[in-house]
Structure formats: C-alpha cells, structure tokens
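Residues per chain are reported as follows:
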Amino acid sequence: MLNRYLELSKVSIEFPTDQGPFKALDEIDLILKQGEFVSLIGHSGCGKSTVLNIVAGLYQATTGGIILENKEVTDPGPDRAVVFQNHSLLPWLTAYENVELAVKQVFKKDKNAAEMKEWIEHNLTLVHMDHAMHKRPSEISGGMKQRVGIARALAMQPKVLLMDEPFGALDALTRAHLQDSLMEIQADLNSTVIMITHDVDEAVLLSDRIVMMTNGPAARIGEILEIDLPRPRNRVEISDNVEYNHYRHEVLAFLYEKQRNPADH
Ligand SMILES: Nc1ncnc2c1ncn2[C@@H]1O[C@H](COP(=O)(O)OP(=O)(O)OP(=O)(O)O)[C@@H](O)[C@H]1O
Ligand SMILES: [Mg+2]
C-alpha cells in the first residue's frame, strides 16, 4: 500500500474574469494513502468542486499540481472517475448505454460481450437501477440519474473515485442505502476516494479524514480531522457513540463558528 498514492501539491488556481484574475484556491496540500476515504467540506463557493476538477484533470492548476502513483496528472483519464454534482449523463443514451460507454473505454480488451453486459447490469443493480436501465435520462428522476452516474463511475473500477456531492439530490432513505453500499464497495475494492459533501453526518460516517476548507477567495485547508472509528461502521450503532458525536461537533464548530457562511455577513 502506497502512503503517497495521490498528492495535491501546492495547488493554486486563478480564473480569468472580467474584473481581472480571481484566485479560487491557495496552496492546497494534501496526501492520500491508497484506499483512503477523504471528504471535503466547506461552505458553498469555497472551491470544493474546483479541487475535484483539478484532480480529475479537467482544470489545470495555475501553480502546483497533482501526482498519482508517482506520475503527474495533466489530463482527464479513466483511472480517475468522477461523479459530478449534476449527474452529467448523455441524454440520448439509456442508463445502460451511459454506463456501457464508460466501461468500454476501460475494459475493451478484457471483457467479451457477455461479460461486459453482466458487468454493466451488476453495477446498475448495485445502485438499484436494474428495473429502469433501458430508460433515458429524461424518463427518470433526479435521484435515479445520480444513481446511474454513481454506477458509471464504479463500473470503471478507477484508481481514484472523485465524487461531488453524490447523494445530495437523493431522499434520506436512498441516501442511507447508497452510503452503506459505497462503504461496502470501497472496503472490497480498496478504492481511494475524495468525496465532497455538505452533510456532516455523511462525512463522519464515511471518511477516514475530513478536510475542512476555509471560505474563498483564495481558499485553503483550514483543518483536517482524522476519524478514528472502527470499520465496518453501522449508522445506528454509531449514532450513539461518544467519539462519533465528538467528531460531528468538531466539524460543526469549524463550519458555523470558525468559518461562518459568507452569506451571513
Ligand atoms: N470556470 C470558472 N471561472 C471563474 N470562476 C470560477 C470558475 N469555476 C469556479 N469559479 C469560482 O471559484 C469559486 C469556487 O467555486 P466552486 O465551484 O469550486 O465552489 P464549491 O465549493 O464547489 O461550491 P458549492 O458547494 O456551491 O458547489 C467560486 O467563487 C466560483 O465562482
Ligand atoms: Mg461544488
């Protein structure tokens, strides 16, 4: 297991705007171990999606960069699958075909037609989309689209799974179910995950570490909280755990005392 599996090294970014350059991130430094689950939390607009887009290779850092398994990341690639904040499925393809398109990129040579079909169906079943896999995005709900986006990312078996508020649009029960599935899948595959969330309970339940960002502009990492709770974690048992509540408190204090929502000023 690599201790420096994924490294964000002094990542800063400036966006050109009509009012001149806008510095969104200022020297973000973070090192993830292989198999680590890290959540990013911070107020709206602080720069969380920007961090993820840089790791995905969709945005280029102005200074600093990303290193994955000792190689610098400069472009997007199937080794870093993204679940976007807004599902981003191709509207003219069915759920099945959306997953198929991604899977073909990765497993073209390794799976025959029957194996490919089985793998796609398996991943859609994981997110409970087997009953609607031949529908197009316009024919399914927002939560269902999000689930297809998750299936698509999981089916790619990426080295790094990048998730931008993957469960934000889901009802509470579906969200809980998918959080549990994600914990199981991640334990099975030992995937390295960066997940953005606004949900403090979700962050504590799922993460090995929670990275708390300061408000922008020029956002930085404010604090990093290590979540030292044994796995597998059970949401019901954990809700009564003193340590769990201590971690929740730490995140809430960061968000609502140390970094107030910029909209409140
Ligand atoms: N392409 C861009 N051009 C100019 N400014 C941008 C661009 N992308 C992001 N920004 C700015 O960078 C800052 C961070 O945006 P980002 O989308 O990363 O925030 P976020 O933390 O993901 O917010 P939210 O929680 O609302 O999704 C914002 O001020 C945003 O306006
Ligand atoms: Mg965002």
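Remember, it's a predicted structure, so these values are computed and weren't measured experimentally. Here the residue numbering is sequential within each chain, running from 1 through the sequence in written order. Chain A is the first chain written and ligand 1 is the first ligand written, with later ones labelled in order. Where local features are concerned, this predicted model is filtered to residues with pLDDT of at least 70; where side-chain atom pairs are given and counted, the filter is 80 or more; whole-chain, interface and lining totals use all residues. For side-chain calculations, the full set of non-hydrogen atoms in the structure is used, while hydrogens and water are omitted.

1. Some words on the overall build of the protein
Only DSSP runs of H or I with at least four residues qualify as helices, and only runs of E with at least two residues qualify as strands; both kinds are numbered from the N terminus onward. Helices and strands together make up the secondary structure of the protein, namely eight helices and 10 strands. In terms of C-alpha radius of gyration, the protein reaches 19 Å, essentially the compact-globule figure of 18 Å for 265 residues. Projected onto its principal axes, the C-alpha coordinates of the protein cover approximately 55 × 45 × 40 Å. By residue count, 49% of the 265 residues in the protein fall in the buried class. Where accessible areas are quoted, they stem from the Shrake-Rupley method and a 1.4 Å probe; at the residue level, only the protein chains shown are allowed to cover. Of the accessible surface of the protein, which amounts to about 13100 Å², a share of 50% is contributed by carbon and sulfur atoms. We treat Lys and Arg as the positive residues and Asp and Glu as the negative residues; His and chain ends play no part in the count. The atoms used to mark charge sites are NZ of Lys, CZ of Arg, CG of Asp and CD of Glu. Across the protein, the centroid of the 27 positively charged side chains sits 4 Å from that of the 38 negatively charged ones. We compute the radius of gyration from the C-alpha atoms alone; for a globule the expected value is 2.2 Å times N to the 0.38, where N is the number of residues. Exposure categories follow from relative accessible area, calculated using a 1.4 Å probe and restricted to protein chains: below 20% of the type maximum is buried, above 50% is exposed, and the middle band is partly exposed.

2. Regarding the UniProt feature "domain: ABC transporter" (unreviewed entry) in the protein
UniProt positions are given in the numbering used here, feature names are shortened, and annotations may be inferred rather than shown by experiment. Sequence positions flagged by UniProt for "domain: ABC transporter" (unreviewed entry) are, in local numbering, residues 6-240. For residues 6-240, the end-to-end C-alpha separation is 34 Å, with 34% helix and 27% strand making up the annotated structure.

3. As for the layout of surface pockets
In this analysis the probe radius is 1.4 Å and the grid spacing 1 Å, with only protein atoms considered; a cavity is a set of points the probe fits into but cannot get out of, a pocket is an open set with protein on both sides within 12 Å along at least five of seven lines, and lining residues have an atom within 4 Å of a point. Grid points are joined across faces, edges and corners, and a volume is the space filled by probe spheres set on the points. Approximately 350 Å³ is the volume attributed to the largest pocket. Residue lining of the largest pocket: 19 residues in total, with Val-82, Phe-84, Gln-105, Arg-152 and Met-156 positioned closest to the centre. Counting only elements with at least two residues in the lining of the largest pocket, the list comes to β6 (80-83), α2 (95-107) and α4 (142-155). Considering each element in turn, the lining of the largest pocket owes the most residues, four residues, to α2. Amino acids are sorted into nonpolar (Ala, Val, Leu, Ile, Met, Phe, Trp, Tyr, Cys and Pro), charged (Asp, Glu, Lys and Arg) and polar (every other residue, Gly among them). A class-by-class count of the residues in the lining of the largest pocket yields 12 nonpolar, five polar and two charged.

4. Focus on the site of ligand 1
Proximity is defined per residue: any heavy atom of the residue falling within 4 Å of a molecule or strand makes that residue near it. Not every one of the 14 residues close to ligand 1 is listed here, only the nearest: Ser-44, Gly-45, Lys-48, Ser-49 and Thr-50. Pairing of N or O atoms within 3.5 Å defines a polar contact, subject to two protein rules: one partner must be a possible hydrogen donor and the other a possible acceptor, and residues neighboring in sequence count only if both atoms are side-chain atoms. For ligand 1, an oxygen atom lies 2.6 Å from a polar atom in the side chain of Ser-44. Between ligand 1 and Ser-49 there is a distance of 2.9 Å, counted from an oxygen atom to a side-chain nitrogen or oxygen. Taken by itself ligand 1 offers 640 Å² of open surface, and the protein chains cover 66% of this. Elements represented by at least two residues in the shell around ligand 1 include exactly β2 (20-32) and α1 (48-56). Its residues assigned to classes, the shell around ligand 1 comprises five nonpolar, seven polar and two charged.

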